[in-house]
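# Observations on the model geometry
In case you want the letters, here they are:
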Amino acid sequence: MSSLVLAHTRYQLLEQIRVPIGLISSAFFPAASMLAFVVPFAADDPMAATTATGSMMMVGAMSASLMGLSISVAQDREQPWNGYLRTLPAGPLPRFAGRILTTMAVMLLAVIPVLVIAALFTEATITVPRLLLGLAALLAGSVPFMLLGLLLGFLLSSKAAIGVSQLLFFPVAILGGLFLPLRVMPAFVQAVSPFVPSRGAVELVWSATTGAPADLVSVLALGGWTAVTAVGAAWAYRRDEGRRFS
Amino acid sequence: MTVLARATEVTRRYGDVLALDRVSLDIRAGELVGLLGPNGAGKSTLINLFTGLRRPTSGTVELLGGSPRDPAVRRDIGVTPQETGLPEALRVGEVVDFVSAHFPRRTGRDELLDRFGLRDLVRRQIGGLSGGQKRRLAVALAFAGEPELVFLDEPTTGLDVEGRRALWDGIRAFHDGGGTILLTSHYLEEIEALAQRVVVVGHGRVLADDTVPAIRDMVGVRRVTLSADALPDLPGVLGSEREGDRVHLLTADPDRLVVELVRSGTPFSGLEIRPTTLEEAFLTITAKESTLV
């Protein structure tokens, strides 16, 4: 079983590396946001710079999971190869696991430019254990976005997946406080914020990297989102089986 | 003989479209069965049911004593992907390793590639292969897990004559070693060359299921070919076609036709009487069916 997960992960990783456009776009966006939003405004204060760097890591992770997964799953479903894979003696688990592990690898790579920019151009500081903890929090907080990516990918055509995932990405990222600090946001945004999954996820990252206490309501809401998106992804996968005409 | 795959009273609908209509079919161990039918006849749907991709709307499908939906049951079958869908970024050796990883028994990578003349291409990216090479790789993948039963959907489409012959040899070798094959093809010549049993499907139903000669005989039509300038009206001619100075006549009673021809005193030469090809038989069977519908 685990050797099949390995085979699927290897296969997915090879595809990512050979056609690295997904990798490059995942790495480019958070690095560009880092230069545009963090370096000019939050570079001088160590706490603010560290927090903002955590936010940009989350931006990269969200884009790799939500946009990356939904688009690649939807595209794969349109290929005849997908039908062939389903005739092989394996259930859905190795393919799900392979995709999620590959997405995690892409996320960790996409974080590198953000960390380099933070180290070179800001006063952000961190210890090695806190960095590792922060990366673990990043992966954990991304789970509902990966599941949402799978859900959209199994539900939509690839063109629709591109549009819908982008449409979701920006409002959810902004409401979660990833682009601008929440204290400069209007009151209604601050009221809604704890209930969007990006807020809970970034709270985990902030808490892991700076030691600040995480907002409990946001973290509980993140747990709720994880459960809901898991049910949704499993439902969409089952619904997808047998839907294509041929 | 053991039945490896069995469809019993299987119906499959896609919305309003009836793709299969109460089809029953047994594939027995050691058989090489040709599945024949026009596009949209239900061939692919039948294969999709046997390989676990689809569920029947009603009826049952059994594979190797279990359900084709059960991944463990599918360890002993092999399926060809469409060559257009092969992952372009991967190398030939990598995709073989990936597919092989799913099977407990594996044909060695080099041996498998050797068998289909792909050994030299092991390091090549699939995107850089020719159409024929992709086709051969797609067929090779069906044999990666040392299967008992192989489903080959259009295995030689797009191959040149030489490539087709080479692939036929590979299919025959598997069959001679005791393997069972269900084959679909647009090339009737291919079914005629390989299959012992032919199943003709049309409009979602099995129209005929018999040996190649029996299917030909079932139609009972012979082709009479001769050279003549002009022919009188002859009895029992079902169809005629002129090709240069050769005239082809299709008839159910060639003896009477020749007698009448001689009686008419028309000069002719080069008389030949041949059984119809599978293609003619197939067209007749499916045409009969559509006049009934």
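Worth saying up front: this structure is predicted, and the values here are computed from it rather than measured.

As a further point, take the domain arrangement of chain B. On domain assignment, one finds that chain B holds domain 1 (3-211) and domain 2 (221-275). For domain 1 of chain B and domain 2 of chain B, the distance between their C-alpha centres works out to 41 Å.

Okay, the pairing of strand β2 (residues 17-28) of chain B next. Of the strand pairs in this sheet, strand β1 (residues 3-14) of chain B and β2(B) are connected by 8 bridges, and their pairing is antiparallel. Residue pairing in the sheet places B:Ala5 in a bridge with B:Ile27 of β2(B).

It is worth spelling out the interface of chain B and chain A at this point. In this assembly, 27 residues from chain B lie in contact with 22 residues from chain A. Elements that contribute at least two residues to the side of chain B that touches chain A include exactly α1 (43-50) and α2 (92-100) of chain B. Residue contributions to the side of chain B that touches chain A peak at 3 residues, all from α2(B). Here the side of chain B that touches chain A is built from residues that sort into 14 nonpolar, 8 polar and 5 charged.

Moving on, we come to unusual backbone geometry. Phi is mostly negative for residues that are not glycine, and the peptide bonds are mostly trans. Residues and elements named next belong to chain B. The phi dihedral of Leu64 is positive, around 45 degrees, even though this residue is not glycine. Here Leu64 is to be found in the loop between β4 (58-63) and β5 (77-79). Classification of Leu64 by C-beta neighbours within 10 Å gives buried; the count is 21.

The next subject is the packing of helix α5 (residues 92-121) of chain A against helix α6 (residues 128-155) of chain A. Residues and elements named next belong to chain A. At a minimum axis distance of 11 Å, the contact between α5 and α6 shows a crossing angle of 130 degrees. Judged by the angle between their axes, α5 and α6 are oblique. Viewed along their axes, α5 and α6 form a crossing whose handedness is right-handed. In contact with Ile100, Thr103, Met104, Met107 and Leu108 of α5, α6 contributes Leu135, Leu138, Leu139, Ser142 and Met146. Residue composition of the contact of α5 with α6, grouped by class: 8 nonpolar, 2 polar and no charged.

What follows covers the sheet that holds β1(B). Pairing between the strands of a sheet is mediated by backbone hydrogen bonds and can be parallel or antiparallel. Residues and elements named next belong to chain B. An order of β2-β1-β4 is seen for the 3 strands of this open sheet, with the pairing classed as antiparallel. If you trace the sheet from one side to the other, it starts and ends with β2 and β4, each paired once. Neighbouring strand axes in the sheet, compared pairwise and without regard to direction, differ in orientation by 15 degrees on average. On top of the sheet, α1 reaches β1, β2 and β4; it is set at about 120 degrees to β1, its chief contact.

All right, on to the sheet that holds strand β13 (residues 269-275) of chain B then. All names here are of chain B. Spatial strand order, β11-β12-β10-β13: 4 strands in an open sheet with antiparallel pairing. Each edge of the open sheet carries a strand with a single partner, namely β11 (237-243) and β13. Averaged over all neighbouring strand pairs, the angle between strand axes comes to 15 degrees, with direction disregarded.

Now for the environment of B:Gly15. Positionally, B:Gly15 belongs in the loop between β1 and β2. We classify B:Gly15 as exposed; it has 6 C-beta atoms within 10 Å.

Take the nonpolar core next. If you look at the biggest cluster of nonpolar residues, it comprises 71 residues, and the most contacted ones within it are B:Val33, B:Ala140, B:Val150, B:Ile181, B:Leu183 and B:Val199. The leading source of residues in this core is helix α4 (residues 131-142) of chain B, at 6 residues. Those residues in contact with B:Ala140, other than ones at most four positions away along the chain, are B:Leu112, B:Leu113, B:Phe116 and B:Leu118. Of all hydrophobic cores here, the second largest spans 57 residues; its members include A:Val38, A:Met58, A:Ile117 and A:Met146.

Conventions and cut-offs
- Residues numbered from 1 in each chain as written.
- Chains lettered and ligands numbered in written order.
- Predicted model: local features only at pLDDT ≥ 70, side-chain atom pairs only at ≥ 80, totals over all residues.
- Domains from an automatic or database assignment.
- Pairing = 2+ DSSP bridges.
- Helix = DSSP H or I, 4+ residues; strand = E, 2+ residues; numbered from the N terminus.
- Contact = placed C-beta atoms within 7 Å.
- Nonpolar A, V, L, I, M, F, W, Y, C, P; charged D, E, K, R; others polar.
- Buried ≥ 20, exposed ≤ 12 C-beta atoms within 10 Å, placed from the backbone.
- Axes fitted to C-alpha atoms, helices over the stretch in contact; angles between N-to-C directions.
- Parallel < 35°, antiparallel > 145°, perpendicular 65-115°, else oblique.
- Left-handed = near helix turned anticlockwise from the far one by under 90°.
- Core = buried A, V, L, I, M, F, W, Y, C linked by C-beta atoms within 7 Å.

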